[in-house]
There are 2 protein chains.
Amino acid sequence: MSREIASKTPIEPGRRPSRVVIARVRPEVDGGRFPIKRVIGEEVEVSADIFADGHEVLSALLLHRHESAAGWDEIPMVELGNDRWQASFRVSAQGHQLYTLQAWIDPFLSWRRDLLKRVEAGQQTAVDVLSGADLIVQAAELASGAEAAELAECAKALRREASSALAAAVARALDDRIAALAAKHANRAAGTLYERELRVVVDRERARFSTWYEMFPRSASPEPGRYGTFRDVIARLPYVADMGFDVLYLPPIHPIGCASRKGKNNVTQSRDHDVGSPWAIGSRDGGHKAIDPQLGTFEDFDALVEAARDRGLEIALDIAYQCSPDHPWVKEHPEWFRIRPDGTVQYAENPPKKYEDIVPLNFDTGPWRELWEELKGVVEFWIGHGVRIFRVDNPHTKPFAFWEWLISSVKREFPDVLFLSEAFTRPNVMYELAKRGFTQSYTYFAWRNTHWDLTQYFRELTRTGVREFFRPNLWPNTPDILTEYLQFGGRPAFMARLVLAATLGSSYGIYGPAFELCENRPLRSSSEEYLDSEKYEVRHWDLERPDSLREFIGRVNRIRRENAALQSNDRLEFHPVDNDQLLVYSKTSEDGGSVILVAVNLNPYQRHSGWIELSPESLGVPARQAFQVHDLLTGARYFWQGSRHFIELDPAVAPAHIFRVRRRVRTERDFDYFL
Amino acid sequence: MSREIASKTPIEPGRRPSRVVIARVRPEVDGGRFPIKRVIGEEVEVSADIFADGHEVLSALLLHRHESAAGWDEIPMVELGNDRWQASFRVSAQGHQLYTLQAWIDPFLSWRRDLLKRVEAGQQTAVDVLSGADLIVQAAELASGAEAAELAECAKALRREASSALAAAVARALDDRIAALAAKHANRAAGTLYERELRVVVDRERARFSTWYEMFPRSASPEPGRYGTFRDVIARLPYVADMGFDVLYLPPIHPIGCASRKGKNNVTQSRDHDVGSPWAIGSRDGGHKAIDPQLGTFEDFDALVEAARDRGLEIALDIAYQCSPDHPWVKEHPEWFRIRPDGTVQYAENPPKKYEDIVPLNFDTGPWRELWEELKGVVEFWIGHGVRIFRVDNPHTKPFAFWEWLISSVKREFPDVLFLSEAFTRPNVMYELAKRGFTQSYTYFAWRNTHWDLTQYFRELTRTGVREFFRPNLWPNTPDILTEYLQFGGRPAFMARLVLAATLGSSYGIYGPAFELCENRPLRSSSEEYLDSEKYEVRHWDLERPDSLREFIGRVNRIRRENAALQSNDRLEFHPVDNDQLLVYSKTSEDGGSVILVAVNLNPYQRHSGWIELSPESLGVPARQAFQVHDLLTGARYFWQGSRHFIELDPAVAPAHIFRVRRRVRTERDFDYFL
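First things first, this report covers the structure right here in the doc. Keep in mind that this is a model prediction, so the values were computed, not measured.

A look at the overall build of chain A
When helices and strands are counted, chain A shows 14 helices and 31 strands. In terms of overall dimensions, chain A has a C-alpha envelope of 110 × 70 × 45 Å along the principal axes. Expressed as a percentage of the 675 residues in chain A, the buried residues total 59%. Long-range contacts, defined here as pairs at least 24 residues apart, represent 74% of the contacts in chain A between residues at least 6 apart. Within the structure as shown, chain A displays about 26,900 Å² of accessible surface, and the carbon and sulfur contribution to it stands at 49%.

Brief notes about the interface of chain B and chain A
Across the boundary between the two partners, chain B contributes 82 residues, which contact 82 residues of chain A. Between chain B and chain A we count 12 salt bridges in total. Across the salt bridge formed by D30 of chain A and R24 of chain B, the nearest N and O atoms sit 3.7 Å from each other. Our enumeration of links across chain B and chain A arrives at 18 residue pairs in polar contact (both at pLDDT 80 or more). Taken together, the residues of the side of chain B that touches chain A break down into 28 nonpolar, 19 polar and 35 charged.

Here we look at the pattern of salt bridges
Throughout the structure, instances matching the rule amount to 114 salt bridges over all chains. Of the charged contacts in the structure, one is a salt bridge between R196 of chain A and E195 of chain A, with a shortest N-O distance of 3.4 Å. On the basis of relative accessible area, R196 of chain A is assigned to the buried category, the value being 14%. Of the residues examined, E195 of chain A reaches a relative accessible area of 40% and is grouped as partly exposed. Ionic pairing is found between R391 of chain B and E422 of chain B, a salt bridge with its closest N-O pair at 3.2 Å. With R391 of chain B in strand β18 (residues 389-393) and E422 of chain B in strand β19 (residues 418-422), this residue pair connects regions lying 31 residues apart in the sequence. One exposure class covers both R391 of chain B and E422 of chain B, and it is buried.

A few points about the sheet that holds strand β6 (residues 78-81) of chain B
Backbone-to-backbone hydrogen bonds pair the strands of a sheet. The strands run either parallel or antiparallel. One open sheet holds the four strands; their spatial order is β1-β3-β7-β6 (chain B), and the pairing between them is antiparallel. In the strand order of this sheet, the two ends are held by β1 (20-26) and β6 of chain B, each with one partner. Ignoring which end each strand starts from, the neighbouring axes of this sheet average 35° apart. In this structure, β6 of chain B lies alongside strand β7 (residues 84-90) of chain B, joined through three bridges in antiparallel fashion. Considered in β7 of chain B, the bridge of E79 of chain B is made with W85 of chain B. Most of the contacts of helix α11 (residues 427-436) of chain A go to strand β3 (residues 43-52) of chain B, to which it runs at about 70°, and overall it touches β1 and β3 of chain B.

So, the relation of the copies chain B and chain A
Least-squares fitting of chain B to chain A yields an RMSD of 0.0 Å, with the transformation described by 0.0 Å of translation along the axis and a rotation of 180°. Taken together, the rotation and translation relating the two chain copies correspond to the operation of a two-fold axis. Residue G31 of chain B of chain B places its C-alpha closer to the rotation axis than any other residue of that unit, at 3.5 Å. When the interface residues of chain B are mapped onto chain A, 100% of them again fall at the interface, so both copies present the same face.

Side note on the packing of helix α6 (residues 230-242) of chain A against helix α7 (residues 298-310) of chain A
Residue and element names in this part refer to chain A. Contact pair α6 / α7: the axes reach a minimum separation of 9 Å and the direction vectors enclose 10°. Between α6 and α7, the angle is such that the two are roughly parallel. Contacts from F230, R231, V233, I234 and L237 of α6 reach α7 at E299, D300, F301, A303, L304, A307 and A308. Grouping the constituent residues of the contact of α6 with α7 by class yields nine nonpolar, no polar and three charged.

Describing the pairing of strand β25 (residues 608-613) of chain B
Look at any regular strand and the pattern is simple: side chains alternate between the two faces of the sheet. All names here are of chain B. The alternating pattern of β25 places H608, G610 and I612 on a buried face, while none of S609, W611 and E613, on the opposite face, is buried. Sheet topology places β25 next to strand β28 (residues 644-649); six bridges connect them, and they run antiparallel. Paired with W611 across the bridge in β28 is F646.

Observations concerning the sheet that holds strand β27 (residues 637-640) of chain A
Residue and element names in this part refer to chain A. Strand order in the open sheet formed by six strands is β22-β23-β24-β29-β26-β27, and the pairing between neighbours is antiparallel. What marks the edges here is a single partner per strand, and that holds for β22 (572-574) and β27. Averaged over neighbouring strand pairs, the angle between their axes works out to 25° when direction is ignored. When strand β23 (residues 582-588) meets strand β24 (residues 595-601), the two strands line up antiparallel, connected through seven bridges. Residue pairing in the sheet places K587 in a bridge with I596 of β24. Where helix α12 (residues 451-463) meets the sheet, its contacts fall on β22 and β23, and the angle it forms with β22 comes to roughly 150°.

A short note on the packing of helix α13 (residues 484-504) of chain A against helix α14 (residues 550-562) of chain A
Residues and elements named next belong to chain A. Across the interface, α13 lies against α14 with an axial gap of 11 Å and an inter-helix angle of 15°. Our classification of the angle between α13 and α14 gives roughly parallel. The interaxial crossing formed by α13 with α14 has right-handed handedness. Each of M495, L498, V499 and A502 in α13 lies in contact with α14, whose residues at this interface are F552, I553, V556 and R560. Tallied by class, residues from the contact of α13 with α14 come to seven nonpolar, no polar and one charged.

Section: the pairing of strand β26 (residues 627-631) of chain B
Residue and element names in this part refer to chain B. Here β26 lies mainly inside the structure; five of its five residues are buried. Bridge analysis of β26 against strand β27 (residues 637-640) gives four bridges, and the strand direction is antiparallel. Considered in β27, the bridge of H630 is made with R637. The turn joining β26 and β27, which pair antiparallel and follow one another in sequence, is formed by five residues; a positive phi near 90° is taken by G635. In this sheet, strand β29 (residues 656-662) lies alongside β26 in antiparallel orientation, the contact comprising four bridges. Counterpart to V629 in the pairing with β29 is V661.

Remarks on the packing of aromatic side chains
With the rule as written, the count across this model stands at 82 aromatic pairs over all chains. Consider the rings of F216 of chain B and Y511 of chain B, whose centres lie 6.0 Å apart with planes at 75°: the pair is edge-to-face. Taken together, the residues F216 of chain B in the loop between β11 (210-214) and α6 (230-242) and Y511 of chain B in strand β21 (residues 507-511) connect sequence positions 295 residues apart. Judged by its relative accessible area of 2%, F216 of chain B is buried. A relative accessible area of 2% means that Y511 of chain B is categorised as buried. Counting every residue linked through ring pairs, the aromatic cluster contains Y321, F363, W368, W372, F402, W403, W405 and F438 of chain A. Here the guanidinium or amino end of R236 of chain B rests over the ring plane of Y239 of chain B, the centre of that ring lying 5.9 Å away.

Concerning the environment of A652 of chain A
With respect to the element layout, A652 of chain A can be found in the loop between β28 (644-649) and β29 (656-662). C-alpha of A652 of chain A to C-alpha of A599 of chain A: the two residues are 53 residues apart in sequence and 15 Å apart in space.

What to know about the state of the cysteines
According to the stated counting rule, one finds zero disulfides over all chains in the structure shown. A disulfide-free cysteine, C323 of chain B has its sulfur positioned 15 Å from the sulfur of C258 of chain B, the nearest such atom.

Comments concerning the environment of A173 of chain B
All names here are of chain B. With respect to the helices and strands, the residue A173 is situated in helix α4 (residues 166-173). In this structure A173 comes out as buried when scored by relative accessible area, which is 0%. For the pair A173 and E43, spaced 130 residues apart in sequence, the C-alpha to C-alpha distance is 38 Å.

Conventions we followed
Residues numbered from 1 in each chain as written. Chains lettered and ligands numbered in written order. Predicted model: local features only at pLDDT ≥ 70, side-chain atom pairs only at ≥ 80, totals over all residues. Heavy atoms only, no water. Helix = DSSP H or I, 4+ residues; strand = E, 2+ residues; numbered from the N terminus. Buried < 20%, exposed > 50% of the residue type's maximum accessible area, 1.4 Å probe, protein only. Contact = heavy atoms within 4.5 Å. Areas by Shrake-Rupley, 256 points an atom, 1.4 Å probe, with all protein chains shown as cover. Salt bridge = Lys/Arg side-chain N within 4 Å of Asp/Glu carboxyl O. Polar contact = N/O pair within 3.5 Å; in protein donor to acceptor, adjacent residues only side chain to side chain. Nonpolar A, V, L, I, M, F, W, Y, C, P; charged D, E, K, R; others polar. Pairing = 2+ DSSP bridges. Axes fitted to C-alpha atoms, helices over the stretch in contact; angles between N-to-C directions. Least-squares fit on C-alpha atoms with pLDDT ≥ 70 in both. Parallel < 35°, antiparallel > 145°, perpendicular 65-115°, else oblique. Left-handed = near helix turned anticlockwise from the far one by under 90°. Phe/Tyr/Trp six-rings, centres within 6.5 Å; stacked < 30°, edge-to-face > 60°. Lys NZ or Arg CZ within 6 Å of the ring centre and 35° of its normal. Disulfide = S-S within 2.5 Å.

Functional significance is not addressed by these values, which are geometric in nature.
Structure below.
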């Protein structure tokens, strides 16, 4: 355990400490211990308190470089006032971008500022001009070539003119080019280099903007009763792609254990034809690097990855580091498990509950390195089969350090690999996993249904330091989560939750076809488990049902693709509305060109109306100008002006508006249109 | 410049990383770079987010020790919920106290919690008891002596009873003493020791609670026109002590320069009898280690320090690191100054303003170490004459690192020395100086006059992280600051500002006799300088004037001494009132035994009344109980009940109440009285 001992003697022998302080750098996660996250093309806006004793002029630089580059790019920082400085850079390549700050006292610029004041006050300046000449000589010594010569020449002229032609000397000393040259060659070494190099993990765009569809391959057969295969999933791809998804996530596809196999609806005694839970990984047919033979072969799987790619879909696999008692590792590596005093392998439990179809791995085992390497090998194995996205099951029950090591090791070689953390636990733990490297994270979204809950939570996610490292992926349902809201709210509840997920989050996902078919029967009252859950049995879904939300979902996802505002969470703003059953918010693209305004009726049972408090300026519309809101769900267009606007939403018709905000543009021929 | 490189390989060869995270430790200033501050006897309440993966039971310790102690004291931390843990310790000796945290996963306590759940669910437990026995054996191996034997014996009995007498075994396994012993000998090494040792600078009580009086010794003569002496100051001590002050601060007492000496009212041409500014330090009579001969001798000074001590007063000296052009250093060490191209020594300036009676020291000079050592020698010299409090003039124009070095060096040898920072500049700079070591700091108090300003500012000072390192010392006036509020508000303004300073701040001071005599004539309109300022001339004050605030100040300072609530800023709370011309706040002592409620009419011109929203509980009074508020300024007592209370304050009579809140106490004989 390395321990940082706070310095007790701030002055080192022989070196004068810098007078400049650089502090409270933003963004910076836990004092630089963890990187921030961006995708290619995004901006990193860096600010810091930079100050010194006295009243001299400071200069500051933002330094940044890709880890693969040798030298720093330098960006001058600008003072915002009250010692706060700012600059920004854009990231352009996957991997790690580094940044830090440098600041120093600029003697020439300080002198120049004072000279200007003296000139304004009509003071004698000959000696001051000579002081300036001395400073220019110092800069010349740090410069080289033509610039050094130019500075030296200027100093010489100043010394000559100081006594004979003071006005000319002053004009020469105040020349902008001289100021720029002298500042360029200021003695930075006497300044401060920020004590930390901070990091940005740069991902491809899908890390920020992704639309997920989860389905069980074994339920993909068009024939009721038959176990679905990868070939059936290939046939299902057009259905998924037409709805506008770009990630198709499959629960574990490995051989399923037989020992203590769970029956339908999670009963502990299974019957012969029960198919077991895909999360009970491993049987005599193999473990995490094998495929459930009923789903198909590696050839089939590779064909699926290929066919999906052709449709603009990426296959995401489930990484669930746990075993069925039949997993080959249990026999080959009993040292990777906990053995009970009676010699049996410890099964999973949350006393008094027992999960006897699962044995957890012991990450604390003596030969932990071998185990960790093997687990990393699992990820690398599927990368070898073209997979670049992994949804990680229950990462919060494995050591943080394991994930930090695994994700950073994998991404060093394959920077395009993305990891989604499926941790539903306390905020500290979920945030820690994101800091340790997970690209995206599940959230509490499924249980945030009220105006207050949604507003608070999404402000925390998008307006605080959390946004630097935690990328939310919003799921209105999962195979484990059928919320009360969906159980009781009917089709309007599904529609409202879909709109919220798809517009509050630049990444979201649904578990289908349960979602689009509005499946809402719980295992029992006050349970969030599905009745006849696909986790324990093969289901057949009637995808052509007329009440399917398939069309609606396709429309929402098309809106997401066509409006940049919805592809980031950075500029999410909630707007006051006088009815708490309504939620109103807007998103704006970085360049301001795309503005989306969403209004959702959170009550799936009743029509609600209200007045929104919303200035045109907050939507990028000039003050006192009328604007158009164009409902991309229905096609309806409304003209709004001023800052109070009426909306009414009937859940039986449509529980939400997704407005594109259109500003008036005057054309050359004097026609107006709305952009 | 040492640079911290963020770790890229979180796992070190051969060592399994700890699973426990310790983060967001409070208090911690700038990641532990700077110490927090306390006085002897105060508490340090430490909290942190402490968590691990999984669901096991954690244990955590707060470790602390005085820098002089070899081993840590251990205090068990308590979980507050949501991963937040807390514990506290008290500091008992001057110097540095260190603290850090340790946390680990406790396997036995985890097992015990699960066993309890199993027993409650009526599950078979024989194998579980054997698992527990294994854990007890592990604890026994880390224990020694009788405790090791007791644990080993217990494990043996459990193994014996597991198969034959399960109920007895379970009872034995759940025994509290076994839990305590096993927890005591848990394997902490597998846990986390927080990466930083944090520091507390512990001062004597005066660092927190002090009452300052500033006066010019040369104006202390009882005879008009005569230059006052230290002997005159000795004669003035009863006057100052009777008003209840405990620190008597003198502007610089050194020889005053003649070159470019300023005349009365700061005119640049002085006349022969002009006495000059005490801050123009140094003449042929000596510099920072000499005494202005007109004030007296070292013998006189030592007598003053001694006489003051006898009256409960400490002498505070002014440390102003700047020189008159006549200062001996200018000749002896021209290298400590900036020399202009014409060979003259650079005087102080803020272009276009020039301060030609002052030459600043060049802290950046080549031989900076010699200069710094000499300046430290000045402090040590006066320490040798019994001075333990220094008010530092304009520290923000000298390098931060200089102060950090000087203060830490001096305090290492003399931990009872206190430094007051006279920096009136931007917040970052003022806070940085406090972080670097200043014991107390001047504030913006003088310019905070409205309800909103005072509330905001004192919340920042007392309710945020600022309180850990910045101890405010509130001055309604100084020789440089005669605020507009005092210039125009008359005697009520002086009274209101005195009450605010004395009750909002546990440390405050006034510049007298100007303050108690309500001197309010500015040099000119819209200037904050005094007319006929003592900075440039000897003044004679009529201390016996009937309108003097001397009695009032004495009463307020007695209230401060007698009511512990006013001796700290830790529990300052503002209470809503429906008239913004009124400010109402309370302070409570740490033990709750002393509660002071203050109401001030901020408008010195008009009577104001209003309703205070104030629940009895917020004053430590049980709900629905009446209580007494006893105005310690007038002696009046009122009975209040409920949570709305009326007050009215006429500035012509008294602009403030200082209430002691008295709770009803029922005595043995059934009389009520108010404590």
